[in-house]
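Summary of structural features
These are the residues of each chain, in order.
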Amino acid sequence: MDEIARRMAEAEHAETEEDYREAAHLYLRLGKDIQAQHGRFDPRALAAFEGMARSNGKRTA
């Protein structure tokens, strides 16, 4: 498993465990790291930011 997939799985696990704050933090860091290495519009970065938004939405619900 590559580094990005491993980190995405880690964030997804935090979200599954209902640790939405941690999940949002992990998704945000991952998205920023992907953008820095692979460009602003890399689909994996966009997926990470979508995960962050989803986690934040669950956190405030």
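Check the entry above for the structure.
Residues numbered from 1 in each chain as written. Predicted model: local features only at pLDDT ≥ 70, side-chain atom pairs only at ≥ 80, totals over all residues. Heavy atoms only, no water.

**Let's talk about helix α1 (residues 3-16)**
An α-helical segment advances 3.6 residues per turn. Residues three or four places apart therefore align on the same side. To keep it simple, the criterion reads: Elements are defined by DSSP. Helices are runs of H or I of four residues or more, strands are runs of E of two residues or more, and each kind is numbered from the N terminus. For a helix, the expected span equals 1.5 Å multiplied by the number of residues minus one. Relative accessibility thresholds used throughout: buried, under 20% of the residue-type maximum; exposed, over 50%; partly exposed, between the two (1.4 Å probe, protein chains only). The reported arc concerns the directions from the helix axis to the C-beta atoms and nothing else. Note on contacts: a residue pair qualifies if any of its non-hydrogen atoms lie within 4.5 Å across the two residues.
Compared with an ideal rise of 1.5 Å per residue, which puts 14 residues at 20 Å, α1 spans 20 Å between its outermost C-alpha atoms and is within 8% of the ideal. For α1, the full list of buried residues reads Ile4, Arg7, Met8, Ala11, Ala14 and Glu15. For α1, the angular spread of the buried residues around the axis is 120 degrees, confining them to a single face. Along its buried surface, α1 packs onto α2 (20-38) and α3 (43-60). Directly beyond the C-terminal end of α1, a positive phi value near 65 degrees is found at Glu18.

**Some remarks on α2**
For α2, with 19 residues, the first-to-last C-alpha span of 26 Å sits near the 27 Å given by 1.5 Å per residue. Of the positions making up α2, those classed as buried are Tyr20, Ala23, Ala24, Leu26, Tyr27, Leu30, Gly31 and Ile34. Buried residues of α2, seen end-on, are gathered within an arc of 165 degrees and therefore sit on one face of the element. Exposed residues lying more than 90 degrees from the buried face of α2 are Arg21, Ala36 and Gln37.

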